[in-house]
Amino acid sequence: MKQRYPRMRFQVFMGIFVGYAGFYLIRNNISLVAPILLKDGHIDKVGIGLIANAVLIAYGLSKFFMATVSDRSNARYFMPIGLALSAVANLLVAFVPALTGSIAIFAIMMFINGWFQGMGWPPSGRVLVHWFSTNERGWKTAIWNCAHNVGGMAVGAAASWGLAITGDSWQSAFWLPALIALVVALFAFLTIRDTPASVGLPPIEDFRNDPAKVEVDNSEIAQQSYWRVIWEHVLKNRTMVLLALANVFVYALRYGVLSWTPTYLSQVHHVSVTKGIAGFSLFELAGLVGTLACGWVSDKVFHGNRTKTGITFMVGVGISLVAYWLAPVGTPYWLLMVFLFFIGAFIYGPVMLIGLQALDMSARQVAGTSAGFTGLFGYVIGATLASTGVGWMVQHFGWGVTFGALTVCVVIAIVLLACIGPEEKRLIASHDAAVEESFQEED
């Protein structure tokens, strides 16, 4: 068992890492080709925002509702099926002109795609809480969360490749990544295993002698109805509500900058579409670095206190965002990329941490549902502010007012995270006491 357990942990981790990166290949590719669509006059900024927002709203709803299904399903099947269905939706967008003939139909297709996208995070969270214990989960989740950025960088590269080989045909930004995603779905199916028990291994808490922060009687959860579980363990949980509200503003910042990077750089700083997409990819690359740093800081510097870590990183977001906003026209392209890099590096820390806090501060039997609840708020409300809201605000008030509003989002997110601090401190003390008691019993 001592040799098999680590080997299986590595295998399932690679499955959810590569599998989740695959979702980002085909999540919301319209933002990458928005400058082309705007230049051709097919769609205006509000239309781009509406289509992009359809994906994000569907994803937020699905991330929550499908999480309650995922908590009671086999992750090995759940994730690959969702990825494959999302890939099919993208192929239809690329090859069936009638499905993109109007903003309404295009948005419907992207809503369907977004719903399938919601089948990626919940099974990943389920695997993380079953295969990795509390005192290692910050670092392991940080590494896994880099799948966001690997996928984000890969879609930028795939889209640029597609545009290059098709003479800037925007459809290539959908079909080429979708084909890659189908291969990734197969890999995920071959490598993921649902829980240690599914392969004859003991619970991770027993293997590593590391109890969970929150424990709930499993028989109690099993006897509760779908809505009772949500009500008792999510909606009535003050911490989950605060995390969900904080996620609104974190995601408004994430997508408010990321989704509009190619358009902002093109219209304000007059860079080419290709350089704008390069900025998009750099944002994701920076997120990879920032996420790893955040996980390490969370476990090693703040000793598992995710709240203090999140606030520290949000301060970094605010400083970098203001520098990016106030950079005058004519600022060297490389310097704009530096500002963009640090925004991405800092924002992906809180993006990862809020999901991790939802996993840490809820019973593992409902961990996916809790994380899905924070995602519901982040995507349905936060993403709305970032896509349709930003598009509307830029069109009517300009980029200056828009970046001012994004700066306010930083402040609100910090305040909400600070409100979670006392409860997290209590749970950490309780966990440490349980670990100490366990060691005393062994002695």
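As the structure is a prediction and not an experimental result, all values here were calculated from the model.

Caption draft 1: Structural view of the overall build of the protein chain. The number of helices and strands found in the protein chain is 18 helices and 0 strands. In terms of overall size, the protein chain behaves like a compact globule, its C-alpha atoms giving a radius of gyration of 21 Å where 443 residues would be expected to give roughly 22 Å. The principal-axis extent of the C-alpha atoms belonging to the protein chain is close to 70 × 40 × 40 Å. Within the protein chain, the fraction of its 443 residues that count as buried is 59%. Put simply, 85% of the contacts in the protein chain that link residues at least 6 apart link residues at least 24 apart.

Caption draft 2: Inspection of the pattern of salt bridges at higher detail. For the coordinates displayed, the defined rule picks out 5 salt bridges. The residue Asp194 makes a salt bridge to Arg126 at a minimum N-O spacing of 2.7 Å. Note that Asp194 is positioned in the loop between α8 (172-191) and α9 (204-208) and Arg126 in helix α6 (residues 121-131), a separation of 68 residues in sequence. Of the charged contacts in the structure, one is a salt bridge between Lys140 and Glu136, with a shortest N-O distance of 3.5 Å. Within this pair, Lys140 and its partner Glu136 are both found in helix α7 (residues 134-166), separated by 4 residues, close to a single helical turn. Note on Glu136: relative accessible area 7%, which makes it buried.

Caption draft 3: Examining helix α13 (residues 261-268) more closely. Within α13, 6 of the 8 residues are buried, which leaves the element mostly enclosed by the surrounding structure. The set of residues buried in α13 consists of Thr261, Pro262, Thr263, Tyr264, Leu265 and Val268. Backbone geometry just after α13 places His270 at a positive phi near 60 degrees.

Caption draft 4: Structural context of the environment of Leu416. Tracing the sequence through the fold places Leu416 in helix α18 (residues 399-442). Sequence spacing of Leu416 and Asn145 is 271 residues, and the spatial spacing of their C-alpha atoms is 22 Å. Here Leu416 is in contact with Leu242, Leu245, Ala246 and Phe249, once residues within four sequence places are set aside.

Parameters and conventions
Residues numbered from 1 in each chain as written. Predicted model: local features only at pLDDT ≥ 70, side-chain atom pairs only at ≥ 80, totals over all residues. Heavy atoms only, no water. Helix = DSSP H or I, 4+ residues; strand = E, 2+ residues; numbered from the N terminus. Rg over C-alpha atoms; globule rule 2.2 N^0.38 Å. Buried < 20%, exposed > 50% of the residue type's maximum accessible area, 1.4 Å probe, protein only. Contact = heavy atoms within 4.5 Å. Salt bridge = Lys/Arg side-chain N within 4 Å of Asp/Glu carboxyl O.

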